[in-house]
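Descriptive structure summary
Take a look at the letters that make up each chain.
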Amino acid sequence: DAGITQSPRHKVTETGTPVTLRCHQTENHRYMYWYRQDPGHGLRLIHYSYGVKDTDKGEVSDGYSVSRSKTEDFLLTLESATSSQTSVYFCAIGLAGGDEQYFGPGTRLTVT
Amino acid sequence: GQQLNQSPQSMFIQEGEDVSMNCTSSSIFNTWLWYKQDPGEGPVLLIALYKAGELTSNGRLTAQFGITRKDSFLNISASIPSDVGIYFCAGRGGSNYKLTFGKGTLLTVNP
């Protein structure tokens, strides 16, 4: 257990509404990541963080923003949710310079 | 960007059989990892590999870091029903902090 929690675990929202997903870790790890998982695409990196207020884009960052104001929390925001953002979102923490990543339980987001 | 080709996409085997799956890349990777994901849960790290040629075991699982650094293999011996799930390979190439994931191998074990 890497001490990672995600909230909410399930959410249904309407197109055009803002949504924020939270990832919380208890062990002060430097690296944190947000992925989305979709059938046929596997896990794709949205954004990642290598320290407080240090973030960078992944391969599918359009439509998403992140914030990390303290070590333990990494927030993912969908500014205006679209149906294409219906997915399962996973947060991960990275050890060994980010090489070994440990995942949270996921958030299932449905945009109607 | 970097891509990983994972095969096979799915496997259906009998309990007790051995299983092999692999992952290949067109570019060199410095780290290879193997994960397992059960339905409704996040992926769980099984094995991490850091050196070309490295062979590492975790119980009935054995993984190898290919000598060319462009591939990795996972073997499961004497499969049991709880081995069912999706197995993902992942690797880190030149980019710091970031992993690239394969699309997964769905393993079904018939009791």
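The structure reproduced in this document is the subject of the present report. Source: prediction; values computed, not measured. (Residues numbered from 1 in each chain as written. Chains lettered and ligands numbered in written order. Predicted model: local features only at pLDDT ≥ 70, side-chain atom pairs only at ≥ 80, totals over all residues. Heavy atoms only, no water.)

Overview of the sheet that holds strand E8 (residues 73–78) of chain A
Residues and elements named next belong to chain A. Pairing within the open sheet is antiparallel, and its four strands lie in the order E1-E3-E8-E7. Every interior strand has two partners, whereas the edge strands, strand E1 (4–7) and strand E7 (64–70), have only one. For this sheet, the mean inter-axis angle between neighbouring strands, taken without regard to orientation, is 20°. Relative to E8, strand E3 (residues 19–25) is paired through six bridges, and the arrangement is antiparallel. Directly across from Arg-22, in E8, lies its bridge partner Leu-75. (Pairing = 2+ DSSP bridges. Helix = DSSP H or I, 4+ residues; strand = E, 2+ residues; numbered from the N terminus. Axes fitted to C-alpha atoms, helices over the stretch in contact; angles between N-to-C directions.)

Topic: the sheet that holds strand E6 (residues 55–58) of chain B
All names here are of chain B. Across the sheet, five strands lie side by side as E1-E3-E8-E7-E6; this open sheet has antiparallel pairing. The open sheet terminates on both sides in strands that have one partner only, identified here as strand E1 (4–7) and E6. Averaged over neighbouring strand pairs, the angle between their axes works out to 15° when direction is ignored.

Here we look at the interface of chain A and chain B
With 25 residues of chain A at the interface, the matching set in chain B holds 18 residues. Interface area, chain A with chain B, both sides summed: about 1600 Å², of which 56% is carbon and sulfur. Linking Asp99(A) and Arg92(B) is a salt bridge whose minimum nitrogen-to-oxygen distance equals 2.3 Å. At the level of secondary structure, the elements contributing two or more residues to the side of chain A that touches chain B comprise strand E4 (31–38), strand E5 (42–51) and strand E10 (100–103) of chain A. In terms of residue count, E5(A) provides more of the side of chain A that touches chain B than any other element does, five residues in total. Its residues assigned to classes, the side of chain A that touches chain B comprises 12 nonpolar, eight polar and five charged. (Contact = heavy atoms within 4.5 Å. Buried area = accessible area lost by both parts, 1.4 Å probe. Salt bridge = Lys/Arg side-chain N within 4 Å of Asp/Glu carboxyl O. Nonpolar A, V, L, I, M, F, W, Y, C, P; charged D, E, K, R; others polar.)

Some points on the pattern of salt bridges
In a structure, side chains of opposite charge can pair up when their charged atoms sit close to one another. All chains considered together, the criterion is met by seven salt bridges over all chains. Between Arg44(A) and Asp38(A) there is a salt bridge, with the nearest N and O atoms lying 2.9 Å from each other. Exposure remark for Arg44(A): the relative accessible area of 18% places this residue in the buried category. Of the charged contacts in the structure, one is a salt bridge between Asp38(B) and Lys36(B), with a shortest N-O distance of 2.9 Å. The network of salt bridges with shared partners includes Arg22(A), Lys70(A) and Asp73(A). (Buried < 20%, exposed > 50% of the residue type's maximum accessible area, 1.4 Å probe, protein only.)

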